[in-house]
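Below are the chains, spelled out letter by letter.
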Amino acid sequence: MNVSLFTKSLLKILLPTLNRKNGDVVMSTKQTVIGEALPNMPWENKPVGYTEVLWRYSGNPVIDINPIPCAQSIYNSAVVPYEGAFVGVFRVDYKSYMPFLHFGKSQDGLNWELEHDRIQFISDDPEIAEMIYAYDPRLCKIEEIYYITWCNCYHGPTIGVARTTDFKKFYQMENAYLPFNRNGVLFPRKINGKYYMLNRPSDNGHTPFGDIFISESPDMIHWGKHRFVMGAGGQWWQATKIGAGPIPIETTEGWLMIYHGVLNTCNGFVYNIGAALLDIDKPWKVLYRTNRYLLNPEKLYETTGKVPNVVFPCAALCDAPSGRIAIYYGGADTYTCIAYTQVDELIDCIKANSDVL
Ligand code: BMA
């Protein structure tokens, strides 16, 4: 029996546990998320009468426009639990509109203390270290190391990779791919002894196409065995391009991958949020995939800003026992926002509204 099957069986036997569904504590015979408890993560119950499976934090946006002196906006950013609180790597668009990465910390995941200077990555190779722009970071803890992946400029956009253990020194590694590529999203553990990263080959501009692929690595430096995961197409909300969002969440039903899907209209792109379940041991195999969006731009902080009509998820916090999930997403390329969901409700919704293309 492999490790993940063993973990699944063990969880099924050992739990009942306490589940908090929509805020009410209920006895449950299963825990769907395979992960750690995070009882201090941001949370708000679903508003009474609200029927959608993702609901917005009532205090959105959590980071408003002109947040620190150098910045026009902070959005599409990455957050993880760290030493009993939360830390983040943030996409900061300067008043030149050039984006760079800044570190931030927070006691509650809502109120952020943001560094005014950008992260200075340490690298032995000046060619790799040259920082022209950096955006859309993801943060992933694998075996006590925190990896940052982001859209990095190396003769065009590709996936930059760095690691840290203390959020003080950040070591930049090799770029994962040749240009052009975006949305590099690591899995939070090795699978069959290898690292895996979702990614989205693209072009040098506002790419009018894009499918999700997965790549394998023995060492986080050399990436290969590229496999197709899923493509744009089908329903219009995801017909133009798609890209992985937060670090996938391990569940007894597969890897929960929250992603963005893009509609092309006569007035430009519209970015929405959907979700899929991927096979635990062969994550390039899609088990279920939403045929409708789960969140679309409709609030002012999503429809009005630098780029109107964008909701773009890059991080998620999860409390495994209760299945609570907080998704951090960018609104209108201007604001940092949060939406909440509960894992069992979300998985039921994915399964009930699925078309695997
Ligand atoms: C994508 C990326 C994101 C951005 C989105 C909408 O191509 O550049 O950073 O949020 O476009 O503008």
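Look above for the structure.
(A) Structural detail: the overall build of the protein. For the protein, the count of helices and strands is four helices and 23 strands. For the protein, whose C-alpha radius of gyration is 19 Å, the value lies close to the compact-globule estimate of 21 Å for 357 residues. Seen along its three principal axes, the alpha-carbon backbone of the protein occupies a region of about 55 × 45 × 40 Å. Counting only residues that meet the buried cut, the protein has 57% of its 357 residues in that class. If you take every contact in the protein between residues at least 6 apart in sequence, the share linking residues at least 24 apart comes to 54%.

(B) Inspection of the sheet that holds strand E21 (residues 311–319) at higher detail. Taken together, four strands build an open sheet; the order of strands is E3-E23-E22-E21 and the sheet is antiparallel. Of all strands in the sheet, those with a lone pairing partner are strand E3 (55–56) and E21, marking the two edges. Where E3 and strand E23 (residues 335–342) come together, two bridges link them in antiparallel fashion. Within the sheet, the bridge partner assigned to Arg-56 lies in E23 and is Ala-339. Against the sheet, helix H4 (residues 343–352) makes contact with E3, strand E22 (324–331) and E23, and its axis sits at roughly 85° relative to E23, the strand it touches most.

(C) The side chain of Thr-240, seen in detail. Of note, Thr-240 is situated in the loop between strand E15 (224–230) and strand E16 (241–244). At a separation of 3.3 Å, a polar atom in the side chain of Thr-240 contacts the main-chain amide nitrogen of Asn-264. With residues up to four places along the chain from it excluded, the contact list for Thr-240 reads Pro-208, Phe-209, Gly-210, Ala-232, Val-262, Leu-263, Asn-264 and Phe-269.

(D) Structural view of the site of the ligand. Taken together, the neighbourhood of the ligand is formed by Asn-76, Arg-91, Tyr-135, Asp-136, Lys-241, Tyr-271, Val-307, Val-310, Phe-312 and Asp-333. One nitrogen or oxygen atom from the side chain of Arg-91 is found 2.8 Å from an oxygen atom belonging to the ligand. Of the pockets mapped on this structure, the ligand occupies the second largest pocket. Taken together, the residues of the shell around the ligand sort by class into five nonpolar, one polar and four charged.

(E) Structural detail: a negative patch on the surface. Side chains of Asp-124, Asp-125, Glu-127, Glu-130 and Glu-174 sit close together on the surface and give a patch of like negative charge. Summarising the element assignment, Glu-174 is placed in the loop between strand E11 (171–172) and strand E12 (181–186). Here Glu-174 falls in the partly exposed class, since its relative accessible area comes to 35%.

(F) The arrangement of the packing of aromatic side chains in detail. What the rule picks out here adds up to 22 aromatic pairs. Pairing Phe-121 with Trp-150 gives two aromatic rings, centres 4.9 Å apart and planes at 15°, and the pair type is stacked. Taken as a pair, Phe-121 in the loop between strand E7 (113–114) and helix H2 (126–129) and Trp-150 in strand E9 (residues 145–153) lie far apart in primary sequence, 29 residues in all. Each member of the pair, Phe-121 as well as Trp-150, carries the same accessibility label: buried. Here Phe-269 and Tyr-271 contribute two aromatic rings whose centre-to-centre distance is 6.5 Å and whose plane-to-plane angle is 75°, an arrangement assigned as edge-to-face.

(G) Focus on the pairing of E21. Counting buried residues in E21 gives eight out of nine residues, a clear majority hidden from the surface. Of the pairings in the sheet, the one linking E21 to E22 comprises eight bridges and is antiparallel in character. Within E22, the position partnered with Ala-316 by the bridge is Ile-327. As consecutive antiparallel partners, E21 and E22 are separated by four residues, and within that stretch Gly-323 has a phi angle of approximately 75°, a positive value.

(H) Expanded view of the environment of Tyr-57. Along the polypeptide, Tyr-57 turns up in the loop between E3 and strand E4 (71–82). Under the relative-accessibility criterion, Tyr-57 is labelled buried at 18%. In this structure, the C-alpha to C-alpha distance between Tyr-57 and Phe-170, residues 113 residues apart in sequence, is 31 Å. For Tyr-57, the residues in contact, after removing those within four places along its chain, are Glu-44, Val-62, Leu-110, Tyr-301, Ile-338, Ala-339 and Tyr-340.

Definitions and cut-offs
- Residues numbered from 1 in each chain as written.
- Predicted model: local features only at pLDDT ≥ 70, side-chain atom pairs only at ≥ 80, totals over all residues.
- Heavy atoms only, no water.
- Helix = DSSP H or I, 4+ residues; strand = E, 2+ residues; numbered from the N terminus.
- Rg over C-alpha atoms; globule rule 2.2 N^0.38 Å.
- Buried < 20%, exposed > 50% of the residue type's maximum accessible area, 1.4 Å probe, protein only.
- Contact = heavy atoms within 4.5 Å.
- Pairing = 2+ DSSP bridges.
- Axes fitted to C-alpha atoms, helices over the stretch in contact; angles between N-to-C directions.
- Polar contact = N/O pair within 3.5 Å; in protein donor to acceptor, adjacent residues only side chain to side chain.
- Near = heavy atom within 4 Å.
- 1 Å grid on protein atoms, 1.4 Å probe; cavity = no way out; pocket = protein on both sides within 12 Å on 5 of 7 lines; lining within 4 Å.
- Sits in = over half its atoms within 2 Å of the grid points.
- Nonpolar A, V, L, I, M, F, W, Y, C, P; charged D, E, K, R; others polar.
- Patch = residues over 30% accessible without salt bridge, like charges linked within 9 Å, V, L, I, M, F, W, Y side chains within 5 Å.
- Areas by Shrake-Rupley, 256 points an atom, 1.4 Å probe, with all protein chains shown as cover.
- Salt bridge = Lys/Arg side-chain N within 4 Å of Asp/Glu carboxyl O.
- Lys, Arg positive; Asp, Glu negative; His and termini not counted.
- Charge placed at Lys NZ, Arg CZ, Asp CG, Glu CD.
- Phe/Tyr/Trp six-rings, centres within 6.5 Å; stacked < 30°, edge-to-face > 60°.

All quantities given are derived from atomic positions and should not be read as evidence of function.
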